[in-house]
Amino acid sequence: MQRRAFLKATAALSSAALLPTVASAAPRPQTLVLIELNGGNDGLNTVVPYADPLYRAKRKHLAVARDQIIKLDEHLGLHPSLQPLMQPWAAGELGIVLGVGYERPNRSHFRSIEIWDTASTSSAYLDNGWVAQVFAAAQPVGNYAADAIVLGRSEPGPVAGAGMRTIVMQDPQRFLREAKHLRTQSAKSSNPALAHLLGVRADIRTAADGLSRIATRAKPVAQRFPRTAIGKQLEQAAMLIHGGAAAPVFKLTHGSFDTHAGQQRMHARLLKELAEAIAAFRQAMRSAGRWGDVLIATYAEFGRRVAVNGSGGTDHGTAAPHLLLGGRVRGGLYGAQPSLKDLDGDDLKFSVSMRDYYTSVVREWWQLPAAALPSGWRSQPLGVLSGAIPGDGSVW
Amino acid sequence: MRTLAPKVPSPVLLSVLWAALLTVLPAHAITHDEARHLLERTGFAAEASAIGVLRPLSRAQAVEHILEGAVHQAATPPPSWVTQPPPDRRRMRDASEATRNTMRAQLRQQARELKAWWYREMLTTSHPLTERMTLFWHNHFPSSIRKVKWPGALYQQNLTLRRHALGNFSDLVHAIVRDPAMLIYLDNHRNKRTSPNENLARELLELFTLGEGNYAEADVKAAARALTGSAVDHRRGTYMFRKRIHDSGEKQFLGQQGNFDSTDIVNIILREPAVAALITRKLWAEFVAVPLDEGTLNILSTRFRQTGYQVTALLRALLNSGPFWAASTHGMRIKSPVELLVGTLRRFDIRIEQPSLLVSAGRSLGQDVFNPPNVKGWPGGSAWITADTLLKRRQILDRFLRSDALRTSVAMGGKPNKNSMRKGQAQGGISQWLAGLPTHYQAPETLTPLVLALAPAEPVNTSTRDLSQQVRQLVLDPVYQLK
């Protein structure tokens, strides 16, 4: 089925002519759920090149036991904690993008996450998150309560920027209860601190109005979610998505993956929490008939060094694999597993650029025209999602 | 590649520029609003009595008044366990799961008590600037109780920060690279000659002193080697130099060559002009909170360096600057959670029985003391205000104003009036405070500039004679979040 591209609001009327007469009246809202693997996930122990003798040689006691690895093919396997993801894998709904990174990688948490959040080059400093940049060119059509919702104890990152109505909330019900007390009030100010305050108030009011409409429509999510931080965030996202057009983007955080010491147990626990929460979320979305309208995409500031350090952990690295999950994902492996022989110093070389990874979201998920991509990206989608990309006539 | 050091202006030129920077200070007394501004920016709140003390003074005299009387030790007695040695790691490792859980629970309880202790100190200190600076240094040299685990280490670090808060930045850096909490937080206790760990070295250069662009990766590696051996005696929880794992070989660091140890590294760093610039920028942002032009930065940071990194001298310069006193500067800074909570209680004389309420309130607003989010500290500024935290701030302030929720004691030194408490006087705290104000404040026109730094965003209902209702409106106004 051909889906409509998102267009600027002013062009919405002309786009109505493109609607296939058979399709339902309004397009179903598509939701991106970004999950930041805060601290830098160790990709090498997540998607393991178990058949490569260099893996065990370099990782020593930190290498994942061979008999525990969940084999995906003759070369790569998954960390055992990711067992709950084997259902979506078998159903062809899990895309694993290997070796995602960028040129001249920076190993500072703060600088590198800034680069990932803004999709800048290694030497450029941008003010707006990449989602904000895209939305500046083309906004998803829909009566969304907000442009982005940030859950958990999380920074807005990719969804921060001029023109973005981004709501940070820990608990939707509480948010609505408290928002009722704010009096509607428009006010501008030349004082930037006050302007920020008033802007956030205005966003709260708008979001609260939209969300309370959704709250009246939503049925409670029957699925049980794990009582972990990431479990709670995904549960809240599920609730809001189930009810309707809350926001086109949700941003969640899981971590900390900054495993400089004692990595083995910590990493296993973090991956387990992630997989269990995602599995519950998938179930909830499938029951609600919305799994085809949702895309989960992970990202992180970097992967980790190939070698183990002196404390049973790994230091900041570079390229790492990331996960895409959803009903429209064409499951499988994308990109190329970075070589353990051909390194960049002590680190893995990337095979898929971060911008190409994002471009799949922009062009294949939201089906935006190439003009919506921020200037200078010069990137290509990966072919990881099903659906037509406008402008090139091909159907996947 | 190292950037070349900028040419230092001659002392004569510096004094001339200095005089120009101070602008021609009027010798007449500061205004009410200026006094409020100075007190709020350098402390937690502008109490009416404090404003009264400053009123007869000139700007320069008022600044001196704020700077003098610095304390170097906390007056609040700490929890009793701070003198105990750290938990025995071997015992913990070999103990049963049940024992380990008990020990962990005890550590968590101690962490709560430590945070409550600091809040108590902030609420009662006679010198709020000392606590503001201690908070500032805690944010500049972050260590987290979550990673360090032993609260005693964070307590000791807090004492170190306070000792040097208004002292000498050079002494503070030297102290920090030997601070057990910091050494554990940034893994330096695992930094060995045979397997270096760069964490402390990197953050020392990137965040604590020079800033990105003022050193090379090779300098990080050299510093890491020099820092090997700076470790912690885990039985006593004190600094220990482990000679066996120290790399005493020759290093190249910031253009110098030698068998450097941690003290040498810090001394070499402190010769770089970039250090004074970094600290000056941060203190300007903290206290002045308006854009800083390069010329002013140059003058201030050069002077800071010339005084040998005397913090008080730098603060004197900032607080006497034209931009600090400009009327347009008022209300440009968003109160941090701690400033909002402590400031509100101090300002309205609200006493609370359990500082633990403040601890969890601060955490819910994004500032869990002794537990910064990462080694960069709390970003601050507009980052404090999100949809979530703005709503929560309002909710918490609302509860403060309904003093029955906090079981306030009525007044220090007086017996609690059982009758009024039983009646559940909702506005007891505020009415009490209003009654104690000098009469000239007891009117909307004078009450507003006492409570707010700017005109309120929402129109205040002045028709009501009930001033406590008005105070409530002012506190719940968005402008109350600013100072």
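### What to know about the overall build of chain B
Within chain B, the secondary structure is distributed over 25 helices and four strands. Taking all 483 residues of chain B together, the buried fraction comes to 56%. At a minimum sequence separation of 6, the contacts of chain B that also span at least 24 residues come to 72%. Accessible surface for chain B amounts to roughly 20,600 Å². Of this, 52% is attributable to carbon and sulfur atoms.

### Topic: the overall build of chain A
Counting its secondary structure elements, chain A contains 10 helices and 12 strands. Considering only contacts in chain A between residues 6 or more positions apart, those separated by 24 or more positions represent 71%. Here chain A has roughly 16,200 Å² of accessible surface; of this, 53% comes from carbon and sulfur atoms.

### A word on the packing of helix H9 (residues 151-164) of chain B against helix H10 (residues 169-176) of chain B
All names here are of chain B. Running from amino to carboxyl end, H9 crosses H10 at an angle of 165°, the nearest separation of the two axes being 9 Å. Comparing the axis directions of H9 and H10 gives the class roughly antiparallel. Our pair here, H9 against H10, has a crossing hand that is right-handed. Two secondary-structure elements touch here, H9 through Gln157, Thr160, Leu161 and His164 and H10 through Asp171, Leu172, Ala175 and Ile176. In the contact of H9 with H10, the residues fall into four nonpolar, three polar and one charged.

### Quick word on the interface of chain A and chain B
Between chain A and chain B, the residue contacts involve 32 residues of the former and 33 residues of the latter. Buried area between chain A and chain B, both sides added, is near 2,900 Å², and the carbon and sulfur share of it is 61%. Of all residues in chain A, Phe110(A), Glu178(A) and Leu197(A) bury the most surface against chain B, accounting for 21% of the area lost on that side. Taking the shortest distance from any N to any O, the salt bridge between Arg201(A) and Glu458(B) comes out at 2.8 Å. Our enumeration of links across chain A and chain B arrives at eight residue pairs in polar contact (both at pLDDT 80 or more). Only helix H4 (109-118), strand E7 (166-168), helix H6 (172-179) and helix H7 (192-217) of chain A provide two or more residues apiece to the side of chain A that touches chain B. The class makeup of the residues in the side of chain A that touches chain B is 16 nonpolar, 10 polar and six charged.

### As for the pairing of strand E1 (residues 230-233) of chain B
Residue and element names in this part refer to chain B. With four bridges joining them, E1 and strand E2 (residues 238-241) adopt antiparallel strand pairing. The residue of E2 that forms the bridge with Val232 is Tyr239. With antiparallel pairing between neighbouring strands as the criterion, E1 and E2 make up a hairpin whose turn holds four residues, including Gly237 at a positive phi of roughly 75°.

### Thoughts on the packing of aromatic side chains
Inspection of the entire model under this criterion finds 18 aromatic pairs over all chains. A centroid spacing of 5.0 Å and a plane angle of 75° characterise the contact between Phe136(B) and Trp137(B), whose relative ring orientation is edge-to-face. Where Phe348(B) meets Trp433(B), the ring centres are 4.6 Å apart and the plane angle is 85°; that geometry is what we call edge-to-face. Note that Phe348(B) is positioned in the loop between helix H19 (337-347) and helix H20 (356-364) and Trp433(B) in helix H23 (residues 428-436), a separation of 85 residues in sequence. One exposure class covers both Phe348(B) and Trp433(B), and it is buried. Among the aromatic residues, ring-to-ring pairing joins Phe136(B), Trp137(B), Phe141(B), Phe169(B), Phe208(B), Phe304(B) and Tyr309(B) into one connected group. Directly above the ring of Tyr50(A) sits Lys71(A), whose terminal nitrogen or CZ lies 4.9 Å from the centroid.

### Looking at the packing of H6(A) against helix H21 (residues 387-401) of chain B
Packed helices, taken two at a time, are described by their axes: the angle between them and the distance between them. At a minimum axis separation of 10 Å, H6(A) and H21(B) run at an interaxial angle of 55°. Here H21(B) runs oblique to H6(A), going by the angle between their axes. Note on packing geometry: the crossing formed by H6(A) with H21(B) is left-handed. Every residue of H21(B) that contacts H6(A) at Arg174(A), Phe175(A), Glu178(A) and Ala179(A) is listed here: Ala387(B), Leu391(B), Lys392(B) and Gln395(B).

### Quick look at a positive patch on the surface
On the surface, Arg153(A), Arg265(A), Arg104(B), Arg108(B), Arg112(B), Arg146(B) and Lys149(B) cluster together into a positively charged patch. Here the positive patch takes three residues from helix H6 (residues 97-124) of chain B, the largest share from any one element. With respect to the element layout, Arg146(B) can be found in helix H8 (residues 145-148). For Arg146(B), a relative accessible area of 67% corresponds to the exposed category.

### Description of the confidence of the model for chain B
Residue and element names in this part refer to chain B. Overall, the predicted model of chain B reaches an average pLDDT of 88, with 88% of residues at or above 70. The low-confidence segment residues 1-6 (pLDDT under 50) makes seven contacts with residues lying over four places distant or belonging to another chain. Across residues 404-428 the pLDDT falls below 50, and counting only partners more than four positions away or on other chains, this stretch makes 33 contacts in the model. Predicted complex, confidence summary: ipTM 0.86, pTM 0.76.

### Structural notes on the nonpolar core
Formed by 203 residues in total, the largest nonpolar core has its most connected members in Phe175(A), Phe281(A), Met133(B), Trp137(B) and Phe169(B). Phe175(A) has contacts with Ile167(A), Met169(A), Ile204(A), Ala207(A), Ala208(A), Leu211(A), Ala387(B) and Leu391(B), leaving out every residue within four places of it along the chain. Within the second largest apolar cluster, 41 residues are counted, among which are Val131(A), Val329(A), Val362(A) and Trp377(A).

### Considerations on the side chain of Ser108(A)
Of note, Ser108(A) is situated in the loop between strand E5 (94-101) and H4. Judged by its relative accessible area of 6%, Ser108(A) falls in the buried class. Setting aside residues no more than four positions away along its own chain, Ser108(A) makes contact with Phe302(A) and Glu206(B).

### Here we look at the pattern of salt bridges
All names here are of chain B. Within this structure, the stated rule accounts for 39 salt bridges over all chains. Among the ionic pairs, Glu286 bridges to Arg132, the shortest N-O distance being 3.0 Å. You can see Glu286 sitting in helix H15 (residues 273-287) and its partner Arg132 sitting in helix H7 (residues 128-140), a full 154 residues away along the chain. Owing to a relative accessible area of 1%, Arg132 belongs among the buried residues under this scheme.

How each quantity is defined
- Residues numbered from 1 in each chain as written.
- Chains lettered and ligands numbered in written order.
- Predicted model: local features only at pLDDT ≥ 70, side-chain atom pairs only at ≥ 80, totals over all residues.
- Heavy atoms only, no water.
- Helix = DSSP H or I, 4+ residues; strand = E, 2+ residues; numbered from the N terminus.
- Buried < 20%, exposed > 50% of the residue type's maximum accessible area, 1.4 Å probe, protein only.
- Contact = heavy atoms within 4.5 Å.
- Areas by Shrake-Rupley, 256 points an atom, 1.4 Å probe, with all protein chains shown as cover.
- Axes fitted to C-alpha atoms, helices over the stretch in contact; angles between N-to-C directions.
- Parallel < 35°, antiparallel > 145°, perpendicular 65-115°, else oblique.
- Left-handed = near helix turned anticlockwise from the far one by under 90°.
- Nonpolar A, V, L, I, M, F, W, Y, C, P; charged D, E, K, R; others polar.
- Buried area = accessible area lost by both parts, 1.4 Å probe.
- Salt bridge = Lys/Arg side-chain N within 4 Å of Asp/Glu carboxyl O.
- Polar contact = N/O pair within 3.5 Å; in protein donor to acceptor, adjacent residues only side chain to side chain.
- Pairing = 2+ DSSP bridges.
- Phe/Tyr/Trp six-rings, centres within 6.5 Å; stacked < 30°, edge-to-face > 60°.
- Lys NZ or Arg CZ within 6 Å of the ring centre and 35° of its normal.
- Patch = residues over 30% accessible without salt bridge, like charges linked within 9 Å, V, L, I, M, F, W, Y side chains within 5 Å.
- Lys, Arg positive; Asp, Glu negative; His and termini not counted.
- Charge placed at Lys NZ, Arg CZ, Asp CG, Glu CD.
- pLDDT = per-residue confidence, 0-100.
- Core = buried A, V, L, I, M, F, W, Y, C linked by side-chain atoms within 4.5 Å.

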